[in-house]
Amino acid sequence: MSFHWAKPYEPKHPLARWLDERLPLPRLVYGAIGGGYPVPRNLNYFWNFGVLAGFFLMIQIVTGIVLAMNYFSSVDGAFNSVEHIMRDVNAGWLLRYAHSNGASFFFVAVYIHIFRGLYYGSYKAPRELVWMLGLVIYLLMMATAFMGYVLPWGQMSYWGAQVITGFFSAFPVVGEPMRVFLLGGYAPDQAALTRFFSLHYLLPFVIAGVTILHIWALHIPGSGNPTGVDVKDEKDTLPFHPFYTAKDGWFAGAFLAVYCLFLFFLPNSLGHADNYIPANPMATPAHIVPEWYFWPFYAILRAFTVDFILPAKLWGVLAMFSSILLLFFLTWLDKSPVRSGHYRPIFKRFFWLLVIDVVLLGWMGGSAATPGRIAISQLAAAYYFAHFLIILPLIAKFEKPLPLPNSITESVLHGEKQESAPAGSTPRASTTAA
Amino acid sequence: MVRIIAFFVGLGFAGVLLLSFFFNMSDFLRHPPEATAESEFHLEHKHLALASDGPFGKFDRQQLQRGLQVYKEVCSACHSLKLVAFRDLEALGYNEPELKAFAKQWDVADINPENGEPVTRKGTPADHFPPPFPNETAARANNNNALPPDLSLITKAREGGAPYVYSLLTGYRDPKTYRNEKGKPLPAVNQPPQNLHFNPYFANLNLAMPPPLASDGQVTYADGTRSSVDQMAKDVAAFLVWTAEPKLENRHRAGIATLIFLLLATVFGYFAYRQIWAEAKRKVRVTGPLEAKNQAKSRSAKSKQGVKG
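Given the structure is predicted, the values throughout are model-derived calculations rather than measurements. (Residues numbered from 1 in each chain as written. Chains lettered and ligands numbered in written order. Predicted model: local features only at pLDDT ≥ 70, side-chain atom pairs only at ≥ 80, totals over all residues.)

J.: Describe the overall build of chain A, with residues and values.
T.: Within chain A one finds 16 helices and two strands. Relative to a compact globule of 434 residues, whose C-alpha radius of gyration would be 22 Å, chain A shows 24 Å and is just as compact. Dimensions along the principal axes, computed over C-alpha positions, put chain A at roughly 75 × 60 × 40 Å. A separation threshold of at least 6 residues defines the contact pool for chain A, and within that pool the share at least 24 residues apart is 73%. (Helix = DSSP H or I, 4+ residues; strand = E, 2+ residues; numbered from the N terminus. Rg over C-alpha atoms; globule rule 2.2 N^0.38 Å. Contact = placed C-beta atoms within 7 Å.)

Put into structure tokens, the structure is as follows:
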């Protein structure tokens, strides 16, 4: 595991030695996120978001456990118990807003982390399993977030549950029985609420478990880096501690400040007003919209309006699931031997087109469905699938990548600003190396 | 193989999407959507500035007390305020005897502790505001089948929040004479049906609630403020911001403190990071043959010797 120059754990204190001989837990931590984990020295700030995501998982688990002490998972009591938390529980408002905005910022961190992976080819050998385990975490997060949003039992909770479990009824024959089985009834009700609460409490610990696998799998080849060039010798790396703990530390402070801006001053801006109305199965809200982190997928779902062989709804549901599942196959779709998008001129352009495309899909998914917006989501969704399934394999085949630097150290010598400039270019800052 | 399958899957999804796009567009061009009365006459809410706005916002307690008075004398005839207890009104600046006296003015449903018969008794600070109707059916029966929503969370449960509430309360217009910004009168087909009231700030323009604040001076304020309709609407909107978010001031205070702490921690963390990395940057700085001036030397030496490259 890791590189041969990784510093071994050497306990100094007799108590640490005593512990190390019996339960080498400090050794494990030292090797995972301490001085014993050599990391490429040229990571940029996009490499901070994995740690941040882990941080938010912890915030969510801690606030969630305390919230669960005051929450009451019954269709008659859930809404009022949330308001009880907001009004009567000591610092309950802080816990609840920290949890609801924490979910959003967890997704912000994870989305940046995922797009980092897409740009720098983190899904390529030898990190395929790191990528796939990450996708598993992402899927678990989506399930957890959806069920968490149902718990306050407001209008959007109820109708969101109705719409999302309704996806299953799109499948012929097995669909409807499956939906009824999942909900424990024909519509979201007490059975659904209780099981969602139970699963919402369970899944974060599953996420934590898969996160350990994700980090474990990462530590075998070690972290990637912006050049995508493999680590060659000790000069290319720095120990995680203190170098990256310091870098992650101050950046976490800055990111948390943005999170706190929302938590304390715009706590409801990422939610929906309708969820402050208690769930009412008799009154459908004018616009049923999921939380912002689901908007791109919601846009894909709504984009299918034609019954072509299969019913439009089934197309939408299949496409929505496929839009994430296809990411599992990226390693085999993009066969370019170059990892980093820096050295892939054509890939780079299409990557930014994809970013714009996904943002556009999100925007369309979040607003009311008018024919014009549906038309835009149709084109954007078509590009999404074409990008991954058709364009990426073709780029890999025809693109001529730029020359790679010989080593990470060489790329760093270009100067800090151009850490990952192509080897062939003559960066401005090269003289500063002297 | 994966790429061949992917190609056809991608072609399938993209193809059906483009097909959907063309059908959607041709449908759109053949039947362009008509302008609805809502799209022509619905208005965005007016601007309302309250003391509780912004990161340093605090409640104007005098205004909240006036708003409470408007709720008590006007709104409470039809709207409940279930989530608020009389004891919570302490935050509005009332002391304990005042709270007890205020609670006493309300009748609360209870049971006789001796025989379990339903009775009403005077309220105590521990009670919540009693609802005006015992249940939804009674509420609808008394309001032309419309249900007056509970007001506890109303400023958070409506897009636009307090400014929306204020706009709605002051937004009733005579549908016969009303003209929108373009000077267009409300067509006859869109005139409100019986028992509905025209209000351009309401999503579908017609509201079951009759204008609650009908005339200036409807409420005689205890603090002597002139009670114009506009003033009453503002005050009750401010009060409903408090009922929806009673811990707003704690939140703002805690937020400022947290941000100051985080910014300091971030700045210190940043300097620590710079200091730690300075060492790494020194280490990576080239000395020896890779150094630029040494490379130049070696180049010139080579060229002197006539070696290419």
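J.: How would you sum up the overall build of chain B? Please name residues and give values.
T.: On a plain count of helices and strands, chain B comes out with ten helices and four strands. Written out in order from the N terminus, the α and β elements of chain B read α-α-α-α-β-β-α-α-α-β-β-α-α-α. The C-alpha atoms of chain B give a radius of gyration of 33 Å, which is well past the 19 Å a tight globule of 309 residues would have. With respect to the principal axes defined by its C-alpha atoms, chain B has extents near 110 × 65 × 50 Å. Put simply, chain B has 309 residues, and 27% of those count as buried. A fraction of 64% describes how many contacts in chain B between residues 6 or more apart in sequence connect residues 24 or more apart. (Buried ≥ 20, exposed ≤ 12 C-beta atoms within 10 Å, placed from the backbone.)

J.: Explain the pairing of strand E2 (residues 118–122) of chain B to me, and be specific about the residues and the numbers.
T.: All names here are of chain B. Here strand E1 (residues 107–111) runs beside E2; their pairing, made up of five bridges, is antiparallel. By the bridge assignment for E2, Ile 111 is matched with Pro 118. With antiparallel pairing between neighbouring strands as the criterion, E1 and E2 make up a hairpin whose turn holds six residues, including Gly 116 at a positive phi of roughly 75°. (Pairing = 2+ DSSP bridges.)

J.: Mind laying out the packing of helix H3 (residues 49–70) of chain A against helix H9 (residues 190–219) of chain A, listing which residues take part and the relevant values?
T.: Residues and elements named next belong to chain A. Axis separation between H3 and H9 bottoms out at 11 Å; the angle between their running directions is 155°. Classified by the interaxial angle, the pair formed by H3 and H9 is roughly antiparallel. Of the two elements, H3 crosses H9, and the hand of that crossing is left-handed. Between H3, through Gly 54, Leu 57, Gln 60, Ile 61, Gly 64 and Ala 68, and H9, the contact on the second element is made entirely by Tyr 201, Pro 204, Ile 207, Ala 208 and Thr 211. (Axes fitted to C-alpha atoms, helices over the stretch in contact; angles between N-to-C directions. Parallel < 35°, antiparallel > 145°, perpendicular 65-115°, else oblique. Left-handed = near helix turned anticlockwise from the far one by under 90°.)

J.: Would you mind going over the interface of chain B and chain A in detail, with residue names and values included?
T.: Facing the 52 residues of chain B at the interface are 52 residues of chain A. Elements with a minimum of two residues in the side of chain B that touches chain A: helix H1 (2–30), helix H6 (154–157), helix H9 (248–284) and helix H10 (292–305) of chain B. Of the residues forming the side of chain B that touches chain A, the biggest block, 19 residues, is contributed by H1(B). In terms of residue class, the side of chain B that touches chain A is built from 35 nonpolar, eight polar and nine charged. (Nonpolar A, V, L, I, M, F, W, Y, C, P; charged D, E, K, R; others polar.)

J.: Describe helix H14 (residues 345–366) of chain A, naming the residues involved and giving the relevant values.
T.: One turn of an α-helix holds 3.6 residues; hence residues three or four places apart share an orientation. Residue and element names in this part refer to chain A. Its 22 residues give H14 an end-to-end C-alpha distance of 32 Å, which sits within 8% of 32 Å, the value for a rise of 1.5 Å per residue. Along H14, the residues classified as buried are Phe 347, Phe 350, Asp 357, Val 358, Leu 361, Gly 362, Met 364 and Gly 365. Axial view of H14: buried residues confined to an arc of 160°, hence all on one face. More than 90 degrees from the buried face of H14, the exposed residues found are Arg 349, Trp 352 and Ile 356. Where the residues of H14 are buried, they touch helix H11 (295–303) and helix H15 (371–398). (Expected span 1.5 Å × (residues − 1). Arc of directions from axis to C-beta.)

J.: I'd like a description of the confidence of the model for chain A, backed by residues and values.
T.: Residues and elements named next belong to chain A. The share of residues in chain A with pLDDT of 70 or more is 95%, and the mean pLDDT across the chain is 92. In the model of chain A, helix H16 (residues 408–412) stands out as the element of lowest mean pLDDT, 81, in contrast to helix H5 (residues 92–119), which has the highest, 98. Taken together, the stretch residues 416–434 has pLDDT below 50 and engages in 42 contacts with residues farther than four places along the chain or on a different chain. (pLDDT = per-residue confidence, 0-100.)

J.: Residues and numbers for the environment of Lys397(A), please.
T.: One can find Lys397(A) in helix H15. Along the sequence, Lys397(A) and Ser336(A) sit 61 residues apart, while their C-alpha atoms lie 7.1 Å from each other.

J.: Can you break down unusual backbone geometry residue by residue, with the values?
T.: All names here are of chain A. Note that the residue after Ala 125, namely Pro 126, is joined by a cis bond; omega there is 5°. Residue position: Pro 126 is located in the loop between H5 and helix H6 (128–150). You will see that Ala 91, though not glycine, has its phi angle at about 55°, which is positive. Structurally, the position occupied by Ala 91 is in the loop between helix H4 (78–87) and H5. Given 13 C-beta atoms within a 10 Å radius, Ala 91 is considered partly exposed. Although it is not a glycine, Val 173 adopts a positive phi angle of roughly 65°. Mapped onto the secondary structure, Val 173 falls in the loop between helix H7 (155–166) and helix H8 (175–183).

J.: Let's hear about the environment of Arg127(A): which residues, and what values?
T.: Residue and element names in this part refer to chain A. Looking at where Arg 127 falls in the secondary structure, it is placed in the loop between H5 and H6. Taking the C-beta count within 10 Å as the criterion, Arg 127 has 23 such neighbours and is therefore assigned buried. Setting aside residues up to four positions removed in sequence, Arg 127 forms contacts with Ser 122, Pro 221 and Gly 224.

J.: Talk me through the packing of H14(A) against H15(A); I want residue IDs and the actual numbers.
T.: All names here are of chain A. In the contact formed by H14 and H15, the axes pass within 9 Å of each other and the chain directions differ by 150°. In terms of axis orientation, H14 runs roughly antiparallel to H15. As for how H14 packs across H15, the hand of that crossing is left-handed. Within the contact between the two elements, H14 uses Ile 346, Phe 347, Phe 350, Leu 354, Asp 357, Leu 360, Leu 361, Met 364 and Gly 365 and H15 uses Arg 373, Ile 376, Ser 377, Ala 380, Ala 381, Tyr 383, Tyr 384, His 387, Ile 391 and Ile 395. A class-by-class count of the residues in the contact of H14 with H15 yields 14 nonpolar, three polar and two charged.

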